[in-house]
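Reading the structure
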Amino acid sequence: MKQSLPANHPDLATSYNNMGTVYNDIGEYSKALEYYEKSVEIRKQSLPANHPDLATSYNNMGTVYNYMGEYSKALEHYEKSHEIMKQSLPANHPSLATSYNNIGLVYKSMGEYSKALEYYEKSLEIRKKTLPANHPDLATSYNNIGLVYDNMGEYSKALEYYEKSLEIMKQSLPANHPDLATSYNNIGLVYNDMGEYSKALEYYEKSLEIRKQTLPANHPSLATSYNNIGWVYRNKTDYKKALDYYERSLDILQRLLPSNHSNIQTVKQSIDFVKTKL
């Protein structure tokens, strides 16, 4: 294609964009950026400044920077994308909802929770107007808002949104879908933070059951489930059960991670602590 097309041909930009997406999907973020930047350079030369393809390019670059933890650069690119979309799309277009959601994600990662809420709520408003009441994107919006409230320590609000998300997922997904496991886990986390340990355990166990059915035996999400249940038993002062679950978590982590990884060290510290209580 490079030999047969002019250097700034839109089809080349599409090819570079597609290659960037492949590298992004396999976690090679610097390669992904390299190709996305080639794509955006061509599009800037060959397209009007408010063309939707430019919005796509900026959005894709924002996503890579977000994965890399470079939040100010992610925000810069997401906002460029968003400005184009606002000029070129109707005010309640689903792509604008996605754009608001992406900007909210970055603010949440930066710990700017009131900003995150502002953008998540704009996204939710569009989705409520344009999508069926049980659409998975609505579940995502409710879940994201729940996460922010959880991080802010507003547990009753977090629960309210997590439960809205869960209700949609139960209607629209198979009973053992991984997203349901995540939803049950999130609700468990809130109950744990509230000190309602029996409730926390109930939801953590629902999450674990799905993960045991659907994931390989050494999947990191299983390690997370075992660790979370270990924490509940520890908080309930049932140290024998806590030790059992912490050890299951450690067993998986040791198969997956280098021995000096912080997650391994954290679980080992938990094991050492409960052993002093036995």
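That block above? That's the structure.
Residues numbered from 1 in each chain as written. Predicted model: local features only at pLDDT ≥ 70, side-chain atom pairs only at ≥ 80, totals over all residues. Heavy atoms only, no water.

Considering the packing of aromatic side chains
Scanning the entire structure with this criterion turns up 13 aromatic pairs. Consider the rings of Tyr-184 and Tyr-203, whose centres lie 6.1 Å apart with planes at 40°: the pair is tilted. Residue Tyr-184 is found in helix H9 (residues 178–193), and its partner Tyr-203 is found in helix H10 (residues 197–214); the two are separated by 19 residues along the sequence. In this pair, the class of Tyr-184 matches that of Tyr-203, namely buried. (Phe/Tyr/Trp six-rings, centres within 6.5 Å; stacked < 30°, edge-to-face > 60°. Helix = DSSP H or I, 4+ residues; strand = E, 2+ residues; numbered from the N terminus. Buried < 20%, exposed > 50% of the residue type's maximum accessible area, 1.4 Å probe, protein only.)

Some thoughts on the environment of Leu-278
Looking at the secondary structure, you find Leu-278 in the segment after helix H13 (262–277). Residue Leu-278 is classed as exposed on the basis of its relative accessible area, which comes to 59%. Leu-278 sits 34 residues away from Asp-244 along the chain, and the two C-alpha atoms are 12 Å apart. With sequence-adjacent residues up to four places away left out, Leu-278 is seen in contact with Tyr-239, Lys-240 and Leu-243. (Contact = heavy atoms within 4.5 Å.)

Quick word on the side chain of Asn-66
Note that Asn-66 resides in helix H3 (residues 52–67). With a relative accessible area of 16%, Asn-66 lands in the buried category. Ignoring anything within four residues of it in the chain, the contact list for Asn-66 reads Tyr-71, Ala-74, Tyr-78, Val-106 and Ser-109.

Quick word on helix H11 (residues 220–235)
Between the first and last C-alpha of H11 there are 23 Å, a value that for 16 residues agrees with the 22 Å anticipated at 1.5 Å per step. For H11, the full list of buried residues reads Leu-222, Ala-223, Ser-225, Tyr-226, Asn-227, Asn-228, Ile-229, Gly-230, Val-232, Tyr-233 and Arg-234. Just downstream of H11, Thr-237 is the residue with a positive phi angle, here 60°. (Expected span 1.5 Å × (residues − 1).)

Concerning the pattern of salt bridges
Within the structure shown, the criterion is met by twelve salt bridges. Residues Lys-212 and Glu-209 are paired through a salt bridge, measuring 3.7 Å at the closest nitrogen-oxygen approach. Note that Lys-212 and Glu-209 are positioned in helix H10 at a spacing of three residues, about one turn of the helix. Under the relative-accessibility criterion, Glu-209 is labelled partly exposed at 41%. (Salt bridge = Lys/Arg side-chain N within 4 Å of Asp/Glu carboxyl O.)

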